[in-house]
Amino acid sequence: FPDFTVALVGPEHGRKNLWSCAEAARRAGAVLAYSPSLAALVEPFAAAVGLKAVQLEPTPDNLARCHVGLCASLAETFCLAAAEMLSAGLPVVGWAGIPALAGDGAVLVTDPCDPGSLARALGSARSIPAAKALEHGRDLAFARARECREQLAALVRKARQKEPAP
């Protein structure tokens, strides 16, 4: 992989903020490695502005070959793409509006629509050791699993309350 590769993974949706992410990677002098599901949106932009971009199947091994992950989604409470990248040892740049991303493996920005701010954060995130990102990913996965378990238990309790008596 090139000297500075930024991963952008996950499904395509409007809140992913792809233009700001791609422009930030261009300004940072990075190659953008993106999920195949994002090709139809990333490739025309990359060609228009001269951004070096390559498709990347987001497997743990492929993600670990990148330098920083970028998740500037505009509306999420938990970012699965960020969790995937952190779990592969990849530091992440994300939006401070996603509280679950706060931790030692991420650099958070207040305005995910500002490519300059994102580009500066990409530079800062490069210095985060993979071990910190892995630890952050582990903590994030544990917290999410606990949250899911608690939600499931609440649903089971609610269902049992509605069951007719034997």
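For the structure itself, consult the block above.
To keep things clear, this report deals only with the structure shown in the data block.

Concerning empty space enclosed by the protein
Following the criterion strictly, the structure yields one cavity of 30 Å³ or more and no others. Considering only enclosed or pocket space, the largest cavity measures out at about 40 Å³ in volume. Along its surface, the largest cavity is lined by Leu8, Lys16, Cys21, Leu70, Cys71, Ala72, Ser73, Glu76 and Cys79. Per-class residue counts for the lining of the largest cavity are six nonpolar, one polar and two charged.

Some points on the pattern of salt bridges
This structure, assessed with the given rule, holds five salt bridges. Across the pair lysine 132 and aspartate 104 runs a salt bridge whose closest N-O atoms are separated by 3.7 Å. Of this pair, lysine 132 sits in helix H6 (residues 130-162) while aspartate 104 sits in the loop between strand E5 (92-95) and strand E6 (106-109); the two residues are 28 residues apart in sequence, bridging distant segments of the chain. Lysine 132 sits in the partly exposed class, given a relative accessible area of 35%. In this structure, arginine 144 and glutamate 147 form a salt bridge, with 2.7 Å as the shortest nitrogen-oxygen distance. Here arginine 144 and its partner glutamate 147 are both found in helix H6, three residues apart, which amounts to about one turn of the helix. Residues joined by salt bridges that share partners form a network here, namely Glu23, Arg26 and Arg27.

Regarding the packing of aromatic side chains
Tallied over the full model, the rule gives one aromatic pair. Ring geometry for tryptophan 19 and phenylalanine 45: centres 6.1 Å apart, planes at 75 degrees, overall edge-to-face. Of this pair, tryptophan 19 sits in helix H1 (residues 18-27) while phenylalanine 45 sits in helix H2 (residues 39-49); the two residues are 26 residues apart in sequence, bridging distant segments of the chain. Given the relative accessible area of 47%, tryptophan 19 is considered partly exposed. Overall, phenylalanine 45 belongs to the buried group, its relative accessible area being 16%.

Let's talk about the nonpolar core
Generally speaking, soluble globular proteins have nonpolar side chains that are buried together. In terms of nonpolar packing, the biggest core is built from 29 residues, with Val6, Leu32, Leu70, Val93, Leu118 and Leu122 touching the most fellow members. At the level of secondary structure, the elements contributing two or more residues to this core comprise strand E1 (5-8), H1, strand E2 (31-34), H2, strand E4 (68-71), E6 and helix H5 (115-125). Leave out the neighbours within four places in its chain, and leucine 32 touches Val6, Leu8, Ala22, Ala25, Val42, Leu51, Lys52, Ala53 and Val54. Formed by 21 residues, the second largest nonpolar core is a distinct cluster that contains Val9, Cys66, Ala83 and Ile98.

Criteria and cut-off values
- Residues numbered from 1 in each chain as written.
- Predicted model: local features only at pLDDT ≥ 70, side-chain atom pairs only at ≥ 80, totals over all residues.
- Heavy atoms only, no water.
- 1 Å grid on protein atoms, 1.4 Å probe; cavity = no way out; pocket = protein on both sides within 12 Å on 5 of 7 lines; lining within 4 Å.
- Points joined across faces, edges and corners; volume = space filled by probe spheres on them.
- Nonpolar A, V, L, I, M, F, W, Y, C, P; charged D, E, K, R; others polar.
- Salt bridge = Lys/Arg side-chain N within 4 Å of Asp/Glu carboxyl O.
- Helix = DSSP H or I, 4+ residues; strand = E, 2+ residues; numbered from the N terminus.
- Buried < 20%, exposed > 50% of the residue type's maximum accessible area, 1.4 Å probe, protein only.
- Phe/Tyr/Trp six-rings, centres within 6.5 Å; stacked < 30°, edge-to-face > 60°.
- Core = buried A, V, L, I, M, F, W, Y, C linked by side-chain atoms within 4.5 Å.
- Contact = heavy atoms within 4.5 Å.

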